[in-house]
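Read off the chains here:
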Amino acid sequence: MTRTLLAAASAVALLALGACGDNAGGGASATRAGIWAAGSSTVFPFATRVAENFSRTAGGAAPRVEALGTGGGIQAFCQGVGPSTPDIANASRRMKASEFELCRQNGVTDIVELKIGYDGIVIATARTGASFNLRLEDLYLGLAKETPNASGQFVANPATMWNQVNPALPAQRIQVYGPPPTSGTRDAFLELGMTPGAKKLPTLTALADADEDRFEAIAHTVREDNAWIDSGENDNAIVQTLTRTPGSLGVFGYSFLEQNMDTVKAETIDGVAPSADTIADGSYPLARSLYIYVKKQHIGVTPGLEQFVLEFMSEGSAGRGGYLQDRGLIPLAADELTAQRAIATALTPMTAPAN
């Protein structure tokens, strides 16, 4: 129902956008009917919940929220200033230095970065499936396109069964459904799972020291032989696939696990199960932060944008016991939320990311 309502709102926003003209550089002279946020499928349900609440309380056009993936949302956000570009990019990872530079080149010079809470990336199976206690190195050895052989040479990954990767794992075919390259969940999985998993192996540790670019290329390239299957930006589709494909595993956000505990279960990573507590305290290896990026040049131009951002970061929304926690967001600690709310109130622009 929510997606249907938002689709209708999107249509209204698009009509308004067309009436304003396609002016990528004229944010000061044109407006659109409502707020536009685009990006991460993980942040999508949180942004839509804020949009629903904001629309009820503020009136006016319903905010338009699109799930394009983190990369797709930031790309659209960075195309320029004006009604043909989003006001907000939703992201399940931090903006990259290259993306920040793209924004700068296109005139997007004042970006407000806000951490909204935490999420974890889970490796899940159907509830009826065998249980896995995966090590970080199992993720690399099972899913990387190239792995080292006994002589230390990198070859096409020969493993077809999980017990070939680790004898303690089930004797099941390696078949993992995961997000595509445009997804922030994919980026975070590579950074939090594949990279540290690769560094558990002496050959890869030595490579990282000798040739960081080569190491990253190997650690970040997943298999292309149908052992890893790109499954689109909709994490719910991955959840549904697990129940239809016995023995398969899925990679998606913790918030989607919470919504589907009756059909899927999460596997442990290095002996730690994902939970609100283990994600918030960082003990779960695949814990991550979630963000929104606000185009400050649209403040005062897009009606209600500043109020929408403050609603997103309010205690009733992002705080402990807030309505986003009910939707699956793991809240920031109180002092951290206070600091982020101060950034939102002052609209303090971010500095360039280091990488």
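Being a predicted model, the structure only gives us computed values, none of them experimental.

It is worth spelling out helix H10 (residues 235–244) at this point. Of all the positions in H10, only Asp-235, Ile-238, Val-239, Thr-241 and Leu-242 are classed as buried. Viewed end-on, H10 has its buried residues packed into an arc of 160°, placing them on one side of the element. On its buried face, H10 is in contact with strand E4 (111–126), strand E8 (176–178), helix H7 (184–198), strand E10 (249–253), helix H11 (254–258) and strand E11 (264–266).

For the structure on display, the rule yields 1 disulfide. In this model, Cys-78 is linked to Cys-103 through a disulfide, with the two sulfur atoms separated by 1.9 Å. Taking the torsion about the S-S bond as the criterion, the Cys-78 to Cys-103 disulfide, at about -75°, is left-handed. Of this pair, Cys-78 sits in the loop between helix H3 (70–77) and strand E3 (88–91) while Cys-103 sits in helix H4 (residues 97–105), placing them 25 residues apart in sequence. Owing to a relative accessible area of 0%, Cys-103 belongs among the buried residues under this scheme.

Here we take up the packing of aromatic side chains. Applying the stated criterion across every chain yields a total of 5 aromatic pairs. On the numbers, 6.1 Å between centres and 85° between planes, the contact of Phe-132 with Trp-162 is edge-to-face. Of the two residues, Phe-132 sits in the loop between E4 and strand E5 (133–134) while Trp-162 sits in helix H6 (residues 162–165), which places them 30 residues apart along the sequence. The class for Phe-132 is buried, based on a relative accessible area of 4%. Residue Trp-162 is classed as buried on the basis of its relative accessible area, which comes to 1%. With a centroid separation of 5.7 Å and an interplanar angle of 25°, the aromatic rings of Phe-189 and Trp-228 are classed as stacked. Note that Phe-189 is positioned in helix H7 and Trp-228 in strand E9 (residues 228–230), a separation of 39 residues in sequence. Summarising the burial analysis for this pair, Phe-189 and Trp-228 share the class buried. Taken together, the aromatic side chains of Phe-54, Phe-308 and Phe-312 make up a single cluster linked through ring pairs. Across the ring face of Tyr-323, the terminal group of Arg-49 is positioned such that the distance to the ring centre comes to 4.2 Å. The positively charged end of Lys-295 is found above the aromatic ring belonging to Phe-77, 4.7 Å away from the centroid.

Below, the discussion takes up a negative patch on the surface. Taken together, the side chains of Glu-191, Asp-211, Glu-212, Asp-213 and Glu-216 define an acidic patch exposed on the protein surface. When residues in the negative patch are grouped by element, the largest group, 3 residues, is from helix H9 (residues 212–219). Here Glu-191 falls in the partly exposed class, since its relative accessible area comes to 46%.

Reading the values: rules and limits
- Residues numbered from 1 in each chain as written.
- Predicted model: local features only at pLDDT ≥ 70, side-chain atom pairs only at ≥ 80, totals over all residues.
- Heavy atoms only, no water.
- Buried < 20%, exposed > 50% of the residue type's maximum accessible area, 1.4 Å probe, protein only.
- Helix = DSSP H or I, 4+ residues; strand = E, 2+ residues; numbered from the N terminus.
- Arc of directions from axis to C-beta.
- Contact = heavy atoms within 4.5 Å.
- Disulfide = S-S within 2.5 Å.
- Phe/Tyr/Trp six-rings, centres within 6.5 Å; stacked < 30°, edge-to-face > 60°.
- Lys NZ or Arg CZ within 6 Å of the ring centre and 35° of its normal.
- Patch = residues over 30% accessible without salt bridge, like charges linked within 9 Å, V, L, I, M, F, W, Y side chains within 5 Å.
- Areas by Shrake-Rupley, 256 points an atom, 1.4 Å probe, with all protein chains shown as cover.
- Salt bridge = Lys/Arg side-chain N within 4 Å of Asp/Glu carboxyl O.
- Lys, Arg positive; Asp, Glu negative; His and termini not counted.
- Charge placed at Lys NZ, Arg CZ, Asp CG, Glu CD.

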